Amino acid sequence: GIDELIELFNKLLQIAESEAGVRGRGFTAIDLNRIAEDMVDLYDAAAEEEGATLVLHEREGRPTLGDHDLLASAVSSLIDNALKYAGAGARIEVNVRSDEHSVSLEVRDDGPGIADEHLPHVTERFYRVDSSRNSNTGGTGLGLAIVKHVLLRHRARMEISSVPGHGSTFTCHFAPAQVSKSRVISPTD
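Residues numbered from 1 in each chain as written. Predicted model: local features only at pLDDT ≥ 70, side-chain atom pairs only at ≥ 80, totals over all residues. Heavy atoms only, no water.

**Describing the pattern of salt bridges**
1) Next: Counted under the stated rule, the structure contains four salt bridges.
2) Next: The salt bridge involving Lys84 is made with Asp80; its shortest N-O contact spans 3.1 Å. On the criterion of helical spacing, the pair formed by Lys84 and Asp80 is a turn pair, its members being four residues apart in helix α3 (residues 68-86).
3) Next: Its salt-bridge partner being Arg97, residue Glu106 comes within 3.1 Å of it at the nearest N-O pair.
4) Next: The exposure class assigned to Arg97 is partly exposed, which follows from its relative accessible area of 32%.
5) Next: Each of Arg97, Glu106 and Arg108 takes part in a single network of salt bridges with overlapping partners. (Salt bridge = Lys/Arg side-chain N within 4 Å of Asp/Glu carboxyl O. Helix = DSSP H or I, 4+ residues; strand = E, 2+ residues; numbered from the N terminus. Buried < 20%, exposed > 50% of the residue type's maximum accessible area, 1.4 Å probe, protein only.)

Next comes the structure, spelled out in structure tokens:
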């Protein structure tokens, strides 16, 4: 329907913007804890509707240099992906970790997991692990492609680990150059 076409168009536009770097704003110090908190709040009702539990583990973290809107769209896509594929009764955890030199954001679920043969391909555009199941969830096969391209623009990489029957973990690792030296952000700021 028209809603699916609009969603597809918006996701393609996000990828194009990320690749071309057309957002002219320079990177600023971003609080990934705050973005994670906002996205967990945003998806809380959807998680409840799916019968899933969405949990944020807040930790003291360092600011990360980046584009707030692009990083929010990446975290949103990771949570949305977990909700679509982890299934009813799943537990989805969002973690932000940092030390003096690195910051990482992790979305972990205890859903059905991803078979090894699919792992190298899940960030490809339009790739679907299970096309029959995807038609039920309404996905476009673009969510993880958006995450990948947003991370590339931020000199970050995504690590995906999964054990079929036990769940998947998507971890975004930000390079030391992207970690702001300005100050530590605590969850109470």
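**Brief notes about α3**
1) Next: Taking 1.5 Å as the rise per residue, α3 with 19 residues should run 27 Å; its terminal C-alpha atoms sit 27 Å apart, in good agreement.
2) Next: By the criterion of burial, α3 is predominantly enclosed, with 15 of the 19 residues buried.
3) Next: Where α3 begins, one side-chain oxygen reaches toward the backbone nitrogen of Asp69, 3.0 Å away; that side chain belongs to Asp67.
4) Next: Following α3 by one or two positions, Gly87 adopts a phi angle in the positive range, close to 90°. (Expected span 1.5 Å × (residues − 1). Polar contact = N/O pair within 3.5 Å; in protein donor to acceptor, adjacent residues only side chain to side chain.)

**Things to note about helix α2 (residues 32-50)**
1) Next: The terminal C-alpha atoms of α2 lie 25 Å apart, and with 19 residues this matches the ideal 27 Å at 1.5 Å per residue to within 8%.
2) Next: Inspection of α2 places Leu32, Asn33, Ile35, Ala36, Met39, Val40, Tyr43 and Ala47 among the buried residues, and these make up the whole buried set.
3) Next: Of the residues flanking the start of α2, the one acting as N-cap is Asp31, its side-chain oxygen 3.0 Å from the backbone nitrogen of Asn33.
4) Next: One or two steps after α2, the chain reaches Gly51, where phi turns positive at roughly 75°.

**Regarding the sheet that holds strand β7 (residues 167-174)**
1) Next: Strands sit in the order β2-β4-β5-β7-β6 across an open sheet of five strands; the sheet is mixed. A strand with exactly one partner marks an edge of an open sheet, and here the two such strands are β2 (53-57) and β6 (156-163). Across the sheet, the mean angle from the axis of one strand to that of its neighbour is 15°, orientation sign disregarded.
2) Next: The strands touched by α2 are β2, β4 (91-98), β5 (103-109) and β7; relative to β2, the strand with the most contacts, the crossing angle is about 165°.
3) Next: Along the sheet face, helix α5 (residues 143-153) touches β6 and β7 and points at about 145° away from the line of β6. (Pairing = 2+ DSSP bridges. Axes fitted to C-alpha atoms, helices over the stretch in contact; angles between N-to-C directions. Contact = heavy atoms within 4.5 Å.)

**So, the nonpolar core**
1) Next: Within the largest apolar cluster, 39 residues are counted, with the highest numbers of intra-cluster contacts made by Leu78 and Ile79.
2) Next: Of all the elements in the fold, those that place two or more residues in this core are α2, α3, β4, β5, α5, β6 and β7.
3) Next: Broken down by element, the residue count for this core peaks at nine residues, all from α3.
4) Next: Among all residues touching Ile79, those that are not within four sequence positions of it are Met39, Val40, Tyr43, Leu54, Val94 and Val107. (Core = buried A, V, L, I, M, F, W, Y, C linked by side-chain atoms within 4.5 Å.)

Interpretation in functional terms is not warranted from these geometric data alone.
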